[in-house]
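The lines below spell out each chain.
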Amino acid sequence: MTIDQVYFYLDNNPGELVEVLRLFAREGIDMRAYSVAENNEYGVFRMIVRDPGAALEALRRGGIDAAKNRVLGIVVPDEPGGTVRAFEALSQAGINVRYSYAFAMARLGKAFIILRVNDNAKAAEILAAAGVQLVGNSDIF
């Protein structure tokens, strides 16, 4: 089970991010999670949205070259150490986590984690065998 993640590059200048957020508001893009990682010149904006196709179209209409890729989503207990089992299982199997970001659903007592790995199918198999719950878009929204 994988999730479509939308991503694009953003100049690292004041006001760039707010313009994108305004675009999302105008276009009705429903974000559940996002991450912005930066270097000196640009940022990489990654997001999980209800409708990835609509988000791509809106960004492109706004002059932003966006793309999507497939990531894994897992749910873990929202408590200290809740992520250990998942990351230990991947590490022991030799699977590298390229990046991850998370968001908590406190009322559910759960945290959702987005993972980018080199081999989604193998990672999903390892996680499932370790008893880690995989989630899809419908679970997140």
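Residues numbered from 1 in each chain as written. Predicted model: local features only at pLDDT ≥ 70, side-chain atom pairs only at ≥ 80, totals over all residues. Heavy atoms only, no water.

Asker: Sorry, what's going on with the pattern of salt bridges here?
Answerer: Note that side chains of opposite charge can pair when their charged atoms are close. Using the criterion set out here, one finds 6 salt bridges in the structure. Among the salt bridges present, the one from Arg22 reaches Glu19, with a minimum N-O distance of 2.6 Å. Highlighted residues: Arg22 and Glu19, both in helix α1 (residues 16-27), separated by 3 residues, approximately one helical turn. For Arg22, a relative accessible area of 44% corresponds to the partly exposed category. Classification of Glu19 as partly exposed rests on a relative accessible area of 43%. The partner of Asp30 in a salt bridge is Arg50, with the nearest N and O atoms 3.0 Å apart. A residue pair is termed long-range when its members are at least 10 positions apart, and Asp30 in the loop between α1 and β2 (31-38) and Arg50 in the loop between β3 (42-49) and α2 (52-61) qualify at 20 residues. Linked by salt bridges that have partners in common, Asp4, Lys68 and Arg70 make up one network. (Salt bridge = Lys/Arg side-chain N within 4 Å of Asp/Glu carboxyl O. Helix = DSSP H or I, 4+ residues; strand = E, 2+ residues; numbered from the N terminus. Buried < 20%, exposed > 50% of the residue type's maximum accessible area, 1.4 Å probe, protein only.)

Asker: Can you walk me through the packing of helix α3 (residues 84-92) against helix α4 (residues 120-129) in this structure?
Answerer: For any two helices packed against each other, one specifies the crossing angle of their axes together with the interaxial distance. Packing of α3 against α4 brings their axes to within 9 Å, and their N-to-C directions diverge by 125 degrees. Relative to α4, α3 is oriented oblique. Note on packing geometry: the crossing formed by α3 with α4 is right-handed. Of α4, the residues touching α3 (which contributes Ala86, Ala89 and Leu90) are Ala123, Ile126 and Leu127. (Axes fitted to C-alpha atoms, helices over the stretch in contact; angles between N-to-C directions. Parallel < 35°, antiparallel > 145°, perpendicular 65-115°, else oblique. Left-handed = near helix turned anticlockwise from the far one by under 90°. Contact = heavy atoms within 4.5 Å.)

Asker: In this structure, what is going on with the nonpolar core? I would like to understand it.
Answerer: Here is a general trend for soluble globular proteins: nonpolar side chains tend to be buried in one another's company. Ranked by size, the top nonpolar core spans 16 residues in total, and within it Val6, Phe8, Val20, Phe24, Met47 and Leu59 carry the most contacts. Among the secondary structure elements, those contributing two or more residues to this core are β1 (3-11), α1, β3 and α2. Counting residues per element, this core draws most heavily on α2, at 4 residues. With 15 residues, the next largest nonpolar core counts Ile74, Ile95, Val117 and Ala124 among its residues. (Core = buried A, V, L, I, M, F, W, Y, C linked by side-chain atoms within 4.5 Å.)

Asker: Help me understand the pairing of strand β4 (residues 66-77), please; the structure alone is not making it clear to me.
Answerer: Note on strand geometry: in a regular strand, side chains alternate between the two faces of the sheet. Pairing between β1 and β4: 6 bridges, direction antiparallel. Pairing of Tyr7 across the sheet is with Ala67, part of β4. Pairing of β4 with strand β6 (residues 110-117) involves 6 bridges; the strand directions are antiparallel. Residue pairing for β6: Val76 is matched across the bridge by Ala111. In the sheet, β4 pairs with strand β7 (residues 133-135) via 3 bridges, with the strands oriented antiparallel. Across the sheet, the residue bridging to Gly73 is Val135, located in β7. (Pairing = 2+ DSSP bridges.)

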